[in-house]
Amino acid sequence: MEDLLLYLTNGVFMGATYALVALGVTLIVGIMGVVNFAHGELYVLAGYFSALFAQAMGLDPLSSMLVAVVLVFFFGLVIERTLIRPTYGEEMYSLIITFILYIILQNAYLVIFGPYPNKPPNWVSGASNLFGLFYYGNQRLASFAAAAAVITVFMVVMHKTWLGRVIRSVAMDREMASILGVNTERVNMLSFGLGCVLAACAGVILTPVFPVTPTVGVGISLTAFVVMILGGLGSFTGCIVGGLLLGIVENLGVGYVSSGYKHVFGFVILILVLFFRPTGLFGQKQL
Amino acid sequence: MQAAGTAKDMKKLLGGESTPWLIVLAGFSFLPLVLGPYWLNSAILGLFYVMMASSWNLLAGFTGQVSFAHAAFAGIGCYTSGILSAKLGLHPLLGLPLGVALAALLSLCLGALCIKMGGIYLSLTTLAFSEIVHIVIQNEYQITRGTMGLKVPFIVGPYSKVTAFYIMLVAAAGIVWLVRWIINADMGLRFRAVLNDETAAQSLGVPVMRVRLTAFVISGAMAGLAGSLYGHYLTLITPHIPSLDMMFHVLAMAVIGGLGTLAGPIVGAFLLEVLSEFVRQFSDKYHVLVFACVALVFARFAPQGLVGLAVDWWKKAMSGGRSA
Amino acid sequence: MKKYWKPLAVLAVLATALSGMAGTAMAEETIKMGVVGPRTGGAAATGTAFEEGIALALDKINGAGGLLGKKMEVVFEDTAGDPAKAAGGIEKLITKDKVVMVLGESHSSAALAEIDVANRNKVPLIIAEAWHDDITKKNYPYVFRAGPCNSGVVNDSIMGFVKQYGFKRVAIFAENTDWGMGIKDLAEKGLKAAKVEFTTIETERKSQDHYAELNKVKKFKPDLILAFVYGFGVHYLIAQAGEVGIVPSQALLLEGAGPPSLWPEFWKTVGNYGNLELFVSRMHEKVLLTPVAKEFDAAYRKKFSKAPTDYKSRSIYDVILIAADAVKRAGSTDSDKLVKSLENTELVVSSGKVTFGKEKGSYAYHQWQPPMLIIQWQDKQQVVVYPMDAKTGDLKK
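From a predicted model like this one, the values you see are computed outputs, not experimental measurements.

What counts, and at which threshold
- Residues numbered from 1 in each chain as written.
- Chains lettered and ligands numbered in written order.
- Predicted model: local features only at pLDDT ≥ 70, side-chain atom pairs only at ≥ 80, totals over all residues.
- Helix = DSSP H or I, 4+ residues; strand = E, 2+ residues; numbered from the N terminus.
- Rg over C-alpha atoms; globule rule 2.2 N^0.38 Å.
- Buried ≥ 20, exposed ≤ 12 C-beta atoms within 10 Å, placed from the backbone.
- Contact = placed C-beta atoms within 7 Å.
- pLDDT = per-residue confidence, 0-100.
- Nonpolar A, V, L, I, M, F, W, Y, C, P; charged D, E, K, R; others polar.
- Pairing = 2+ DSSP bridges.
- Axes fitted to C-alpha atoms, helices over the stretch in contact; angles between N-to-C directions.
- Expected span 1.5 Å × (residues − 1).
- Right-handed = clockwise from strand over helix to strand, strands pointing away.

Engineer: Explain the overall build of chain A residue by residue, including any values.
Structural biologist: Helices and strands together make up the secondary structure of chain A, namely eleven helices and two strands. Reading the secondary structure of chain A in the N-to-C direction produces α-α-α-α-β-β-α-α-α-α-α-α-α. Relative to its length of 287 residues, chain A is compact, with a C-alpha radius of gyration of 19 Å against a globular reference of 19 Å. The dimensions of chain A, computed from C-alpha atoms along their principal axes, are 60 × 50 × 35 Å. The buried share of chain A, reckoned over its 287 residues, is 58%. Restricting to contacts in chain A with at least 6 residues of sequence separation, those with at least 24 account for 76%.

Here's what the structure looks like:
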């Protein structure tokens, strides 16, 4: 029982982080039909930025995180403008471009930051006794709270505000939205930037728990893809449910099956989902 | 009708168009006389990449399906034939066809699963498949020796780079020839029809799914062959063969050389092989980075690749000459 | 003109590439040694340590007049810890750079690929820091190791330490690589023989989250954890073991590989949970066993104006001295003469006096096991706690 609770707690924590990363990928896929292979690399960049600003420039954790997220947002806009825009409508072309971009960024980080892991100082230290049964790191709890907060804000913006309605209208019917006077090009750029912001948020929130290295990005992208397909392409709710599900399955798998195959569980789920329900849990449309 | 088609194909195959290819092939077959062991090694690696990039191009360039499982199929080929020969003592030449067969079988299964959905789904599913293969090979160290790599016997006879070179040359020429035959034959027309306009192709009676699946399986089997030969040349196979890194190299070569052209992947493979030796002289750290930057510049500004550029330029020069 | 720029650019690229192919031939005025090791990838820190050691060794040897009247030169080839790259890299050193000997390596998987190439080409290879028993167990005539091997580390150092301090319940936490699994098997055998209760947890090398596995460790209630996880992975493990309350209050943790506990990132990741952590090492600033060790220490501080931390800089330094000594005594660069002269080595280097085993049949052939220290972090000070004759302080629990 105690074991199960620990696995579930840890699963929910990991799941929330997966959901956060996957939301960014889903946003970009939903609006633009572009699978951003370099998503994890933006996460890594934000992680490195937040660590560097906190250490080298002595900024407090919150402002270093904000600066990191803003910088990655602008970096995302530059990528969209120079590399992604010419590929609209050709999803294979954009996939090739972002795949190459992922290799470039990963190797560039290796040259710039070295192979060493880096992390900003923890926001809080120590561990808390949960349910009177086991200890759980305080930084993990804080990161979980932050991830949940960002996800909530994102969902509110998407469903309750004017901006969210515009973005979703483009996702649903680009031509109609354009006829109704929405500047779809600008919406594209903004969505890509927002997707990058989500990656960056995940990066700055998780780096204190899992230090970044130049090569962790690809694992993060892959997990995000799995969660996205599991939840259904383009569905935000699907992302959240899919993320939590994956986190829990992975932890139960490690706990009760085999710890060596942790990362295979997700890919097996993915293939099963595609076989039995290709639209995922919450998806309506296929892209 | 059928006979006429075949005769035409034969003519295409042996006619004037083939001459430059035969000259290149003849040129290559003299390389071992000129190159020392070091550069011969590079040439063999180049031939391996020619096989990989050409067969991936059949899929991505001619039918528009970006598969990320190509390196995984090479891995399946080399580990199948490698394990059979290293553990059960099967001769590599017998293990080789089994490796190819398993790669073909798995690509049939994978293709059946995701071809229908196509597009992004295909790319992401093949990506997941490729990661599974990579992780399983890495984890099942009792069978595969994991990251330490599995020692496998040399292809045939005592270790010799010259032997390996000629075997790889024959295999590479075979694969290029097969790709060429496919795209020139009826099937190639269908491929292009599928690439250009799926719905139109369907309405004209082209069985789109079957055509795609055929391409997927042929390409997977070719990767299996390339992988097995490569493994038996290296005599050491590691999870690096079925990895995204390898996948990137293959993709970059096809893109730089020119997707959807026959010569593109060949040019790309050898160019990058030479470029990598060149960059290596300065620092190993930068060689993938340089590759990737070159690939990005091509993908973004010249998606037709080197061969496409050359063709465009040639056409322009010809027409320019006429008008002047 | 404009329409020509594209082909011209292409030609330019081709020309530069081809010019790389030329210019490889060079007159042989130096004696070339090859070094293999990871300069990129997860263990690139080792490459940096090797570079430092190479620089110091070259200073020493060339400062004393070089070898056989020529200067010594080192060509350092990256293997990235990848066996395929390693095999290609050493092949290049031998066939293209024509080195007389190859030295180094710190990954067992890479080393196991290298020994075949070296042996096939009949060029002596001296491994510095790859611990797998098979490297010397294969009894290849051209392969030597002047560094620790798993059997030596586990049987002499780790088991001696466990028995000496009377640990009762041991949890083994091993990554699922050849090194992790190989050293795990040896440790299990040793613990079984010593009648110590133990449990084994395998983990995925790339995993950053160990909570679920640590839960199993915790329930076993060990008083010692043997961590066979290399690189940054062990940092994550220690930090999380601290968070869930295992170290250091419930159990001590002994890290089986050494250098990761000395990397600058260590304290950043593990925080206070790193206190009382133990690790295996070949070097401690107060334990300078030989005059060469003192010389190395002084030269290092002078050249890099800091104290040497990663002991692998000294490992490669030692191996280069061994190689240079063999060339000197052989009076030639002929491979077979070099092997003979290596077999007769009796040289004092920084970690002790080197002699290679000559009897075939086990891992001890062509092997020299340097003495290993077990060091504990006590308030960020390194305290040697084993072996007892090199102790600089008491073990704290």
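The discussion continues.
Engineer: Can you explain the overall build of chain C? Please cite residues and give values.
Structural biologist: Assigned secondary structure in chain C consists of 13 helices and 15 strands. Expected size for 397 residues packed as a compact globule is a radius of gyration near 21 Å; at 23 Å, chain C falls within 12% of this value. Projected onto the principal axes, the alpha-carbon positions of chain C cover approximately 70 × 60 × 45 Å. When each of the 397 residues of chain C is scored for burial, the buried share is 57%. Summarising the internal contacts of chain C: among those between residues at least 6 apart in sequence, 68% fall at separations of at least 24.

Engineer: Residue-level account of the confidence of the model for chain C, with values.
Structural biologist: Low-confidence regions, as indicated by low pLDDT, have predicted coordinates that should not be scrutinised in detail. Averaged over every residue, the pLDDT of chain C is 86; residues scoring 70 or more account for 93%. Here residues 17-27 of chain C is modelled with pLDDT under 50, and outside its nearest four sequence neighbours on either side it reaches eleven contacts, counting other chains as well.

Engineer: Break down the interface of chain C and chain B for me, with residues and values.
Structural biologist: The interface is formed by 28 residues belonging to chain C together with 28 residues belonging to chain B. Looking at the side of chain C that touches chain B, the elements that each hand over two or more residues are α1 (5-21), α3 (83-95), α4 (108-121) and α7 (178-193) of chain C. No other element matches α1 of chain C, which puts seven residues into the side of chain C that touches chain B. Residues of the side of chain C that touches chain B, tallied by class, amount to ten nonpolar, eight polar and ten charged.

Engineer: Give a detailed account of the pairing of strand β2 (residues 134-137) of chain A, specifying residues and quantitative values.
Structural biologist: All names here are of chain A. Of the strand pairs in this sheet, strand β1 (residues 127-130) and β2 are connected by four bridges, and their pairing is antiparallel. From the neighbouring strand, Ala 127 faces β2, where its bridge partner is Gly 137. Between the antiparallel neighbours β1 and β2 lie three residues, among them Phe 131 with a positive phi of about 50°.

Engineer: Can you lay out the sheet that holds strand β7 (residues 197-203) of chain C for me, pointing to particular residues and giving the numbers?
Structural biologist: Residues and elements named next belong to chain C. Taken in spatial order, the seven strands line up as β7-β6-β8-β9-β10-β14-β15 in an open sheet, and their pairing is mixed. Every interior strand has two partners, whereas the edge strands, β7 and β15 (381-386), have only one. When the angles between neighbouring strand axes are averaged without regard to direction, this sheet yields 25°. Inspection of the sheet shows strand β8 (residues 224-228) paired to strand β9 (residues 252-255) by four bridges, in the parallel sense. If you follow Ile 225 over to β9, its bridge partner there is Leu 253. Here helix α6 (residues 150-164) sits on the sheet and contacts β6 (169-175), β8, β9, β10 (278-281), β14 (373-378) and β15; the angle it forms with β15, its principal contact strand, is near 90°. Across the sheet, helix α8 (residues 211-220) touches β6, β7 and β8, and the angle it forms with β7 is around 175°.

Engineer: I'd like a rundown of the interface of chain B and chain A, residues and numbers included.
Structural biologist: On the chain A side, the residues contacting the 33 residues of chain B number 33 residues. Among the elements of the structure, α6 (92-114), α7 (119-139), α13 (244-257) and α15 (287-301) of chain B are those that each provide at least two residues to the side of chain B that touches chain A. Looking at the side of chain B that touches chain A residue by residue, the classes come out as 25 nonpolar, five polar and three charged.

Engineer: Tell me about unusual backbone geometry, and name the residues and values.
Structural biologist: Residue and element names in this part refer to chain C. In this chain, Val 247 is followed by Pro 248 through a cis amide linkage whose omega measures -10°. Mapped onto the secondary structure, Pro 248 falls in the loop between α9 (232-243) and β9. Residues Tyr 386 and Pro 387 are joined by a peptide bond in cis, for which omega reads 0°. The residue Pro 387 is located in the segment after β15 in this model. Here Glu 105, not a glycine, exhibits a phi torsion of approximately 75°, which is positive. Position of Glu 105 relative to the elements: it lies in the loop between β3 (101-104) and α4. Residues other than glycine seldom take positive phi values, yet His 366 does so here, at roughly 60°. Residue placement: His 366 occurs in the loop between β12 (352-354) and β13 (367-368). Of the residues examined, His 366 has 28 C-beta atoms within 10 Å and is grouped as buried.

Engineer: Can you tell me about α3 of chain C, naming the residues and giving the values?
Structural biologist: Between its first and last C-alpha, α3 of chain C extends 18 Å over 13 residues, near the 18 Å set by a 1.5 Å rise per residue. In terms of burial, α3 of chain C is a largely internal element, eleven of the 13 residues being buried.

Engineer: So what about the pairing of β6 of chain C? Which residues, and what values?
Structural biologist: Residue and element names in this part refer to chain C. Of all seven residues that make up β6, six are buried, and the element is covered over most of its length. Bridging between β6 and β7 involves seven bridges; their strand directions are parallel. The residue bridging Phe 173 from the neighbouring strand is Ile 201, located in β7. Regarding the hand of the β-α-β motif, the stretch spanning β6, α7 and β7 is right-handed. With five bridges joining them, β6 and β8 adopt parallel strand pairing. Note on β8: the bridge partner recorded for Phe 173 is Ala 227.

Engineer: Break down the environment of Tyr 365 of chain C for me, citing the residues and quoting the values.
Structural biologist: Residue and element names in this part refer to chain C. Within the secondary structure, Tyr 365 is located in the loop between β12 and β13. In the structure, Tyr 365 is positioned 23 residues away from Met 388 in sequence and 28 Å away in space, judged by C-alpha atoms. Setting aside anything within four residues of it in sequence, one finds Tyr 365 in contact with Thr 136, Asn 139, Gly 357, Glu 359 and Lys 360.

Engineer: Describe the sheet that holds β3 of chain C, with residues and values.
Structural biologist: Residues and elements named next belong to chain C. What the six strands build is an open sheet, ordered β2-β1-β3-β4-β5-β13; its pairing is parallel. The strands lining the two open edges of the sheet, one partner per strand, are β2 (71-78) and β13. As defined by bridge partners, strand β1 (residues 30-37) adjoins β2 across eight bridges and the pair is classed as parallel. When the sheet's bridge partners are listed, Lys 32 is paired in β2 with Glu 73. Against the sheet, α3 makes contact with β1, β2 and β3, and its axis sits at roughly 155° relative to β2, the strand it touches most. α4 rests against β1, β3, β4 (125-127) and β5 (143-146) of the sheet, and its axis sits at about 160° to β4.

Engineer: Outline helix α2 (residues 18-29) of chain B, listing residues and values.
Structural biologist: With twelve residues, α2 of chain B should cover 16 Å at 1.5 Å per step; its first-to-last C-alpha distance of 17 Å lies within 8% of that length. Taken across its twelve residues, α2 of chain B has zero buried, putting it largely on the surface.

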